[in-house]
Amino acid sequence: MTTETATLAGGCFWGMQDLIRKMDGVVSTRVGYTGGDVENATYKNHGTHAEAIEVVYNPEKISFRRLLEFFFQIHDPTTENRQGNDRGMSYRSAIYYADEAQKAVALDTIADVNASGLWPDRVVTELEPVGAFWEAEPEHQDYLERIPNGYTCHFIRPDWVLPKRTAAE
């Protein structure tokens, strides 16, 4: 099986991991810190890193585009450095692309989200090349599976769904 990796930040990593891991074609997920200035980032010392999720997926079952569409559905990509009650750089929206193909898909998806008029404002999601990913401590991995009623600000927004693309698109 061929796999690819997506690295996404959209607020608290617990809720993102809980929802994304359930998608058909997702092989594994882990939460951690990326996009910042501290080596060996930890929960107590992650500097300007974002809380992020690393998603290993099977591109024969789920596309990067589909992952991004769901990502934009489960967090608010129009709020800068904030998701729900969580505020600060750690909770920013960001896509960390692995190659030019992922970058192109991300740009296209952001343009479609903005053009749709379905979201409350324009997307502020950062788009940066992927860098070091520092895995979060064990107590943060699989958090909502272990603590089902734990805190999350992520949920599926049924009105934030892009129209299906035609084969010509």
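The structure reproduced in this document is the subject of the present report. (Residues numbered from 1 in each chain as written. Predicted model: local features only at pLDDT ≥ 70, side-chain atom pairs only at ≥ 80, totals over all residues. Heavy atoms only, no water.)

Counting through the fold element by element, Glu-145 comes out in helix H4 (residues 143-146). Note: C-alpha distance between Glu-145 and Glu-128 (17 residues apart in sequence) is 30 Å. Here Glu-145 is in contact with Asp-18 and Arg-21, once residues within four sequence places are set aside. Polar contacts involving the side chain of Glu-145 include one to the side chain of Arg-21, which spans 3.4 Å. (Helix = DSSP H or I, 4+ residues; strand = E, 2+ residues; numbered from the N terminus. Contact = heavy atoms within 4.5 Å. Polar contact = N/O pair within 3.5 Å; in protein donor to acceptor, adjacent residues only side chain to side chain.)

Despite not being glycine, Asn-40 has its phi angle at roughly 50°, a positive value. For Asn-40, the location among the structural elements is in the loop between strand S2 (26-34) and strand S3 (50-57). Unusually for a residue other than glycine, Asn-81 sits at a positive phi of about 55°. With respect to the helices and strands, the residue Asn-81 is situated in the loop between helix H2 (64-74) and strand S4 (82-83).

Before going further, it helps to spend a moment on the nonpolar core. Soluble, globular proteins show a tendency: their nonpolar side chains are buried together. Grouped together as the largest cluster of nonpolar side chains are 26 residues, with contacts concentrated most on Leu-8, Ile-20, Val-55, Leu-67, Leu-68, Phe-72 and Ile-95. Among the elements of the structure, strand S1 (4-10), helix H1 (13-20), S3, H2 and helix H3 (100-116) are those that each provide at least two residues to this core. Of the residues forming this core, the biggest block, 7 residues, is contributed by H2. Excluding anything up to four places from it in sequence, Ile-95 contacts Thr-7, Leu-8, Phe-64, Leu-68, Phe-71, Phe-72, Ala-106, Ile-110, Thr-125, Glu-126, Leu-127 and Glu-128. One finds Cys-12, Phe-13, Trp-14 and Ala-136 within the second-largest nonpolar core, a separate group that totals 10 residues. (Core = buried A, V, L, I, M, F, W, Y, C linked by side-chain atoms within 4.5 Å. Buried < 20%, exposed > 50% of the residue type's maximum accessible area, 1.4 Å probe, protein only.)

Bringing H1 into the picture now. Within H1, 8 of the 8 residues are buried, which leaves the element mostly enclosed by the surrounding structure. Buried within H1 are the following residues: Phe-13, Trp-14, Gly-15, Met-16, Gln-17, Asp-18, Leu-19 and Ile-20. Buried residues along H1 sit in contact with S1, S2, S3, H2 and H4.

Time to look at the sheet that holds S1. Taken in spatial order, the 6 strands line up as S7-S6-S1-S3-S2-S8 in an open sheet, and their pairing is mixed. Every interior strand has two partners, whereas the edge strands, strand S7 (126-129) and strand S8 (133-135), have only one. With direction set aside, neighbouring strand axes in the sheet form an average angle of 35°. Pairing analysis gives 3 bridges linking S2 to S8, with the strands arranged antiparallel. Looking at S8, one finds that Thr-34 is bridged to Phe-133. The sheet contacts of H1 involve S1, S2 and S3, and relative to S2 the element is tilted by about 170°. (Pairing = 2+ DSSP bridges. Axes fitted to C-alpha atoms, helices over the stretch in contact; angles between N-to-C directions.)

Our focus in this paragraph is the pairing of strand S6 (residues 93-97). Most of S6 sits out of view: 5 of its 5 residues are buried. In this structure, S1 lies alongside S6, joined through 4 bridges in antiparallel fashion. Bridging across to S6, Gly-10 finds its partner in Ser-93. Sheet topology note: the S6/S7 ladder contains 4 bridges and is parallel. Its bridge partner lying in S7, Tyr-96 is registered against Glu-128.

Within the secondary structure, Ile-156 is located in the segment after H4. Taking the C-alpha atoms as reference points, Ile-156 and Lys-44, 112 residues apart in sequence, are found 29 Å from one another. Sequence-distant contacts of Ile-156, defined by excluding residues within four places in its chain, comprise Phe-70, Gln-73 and Ile-74.

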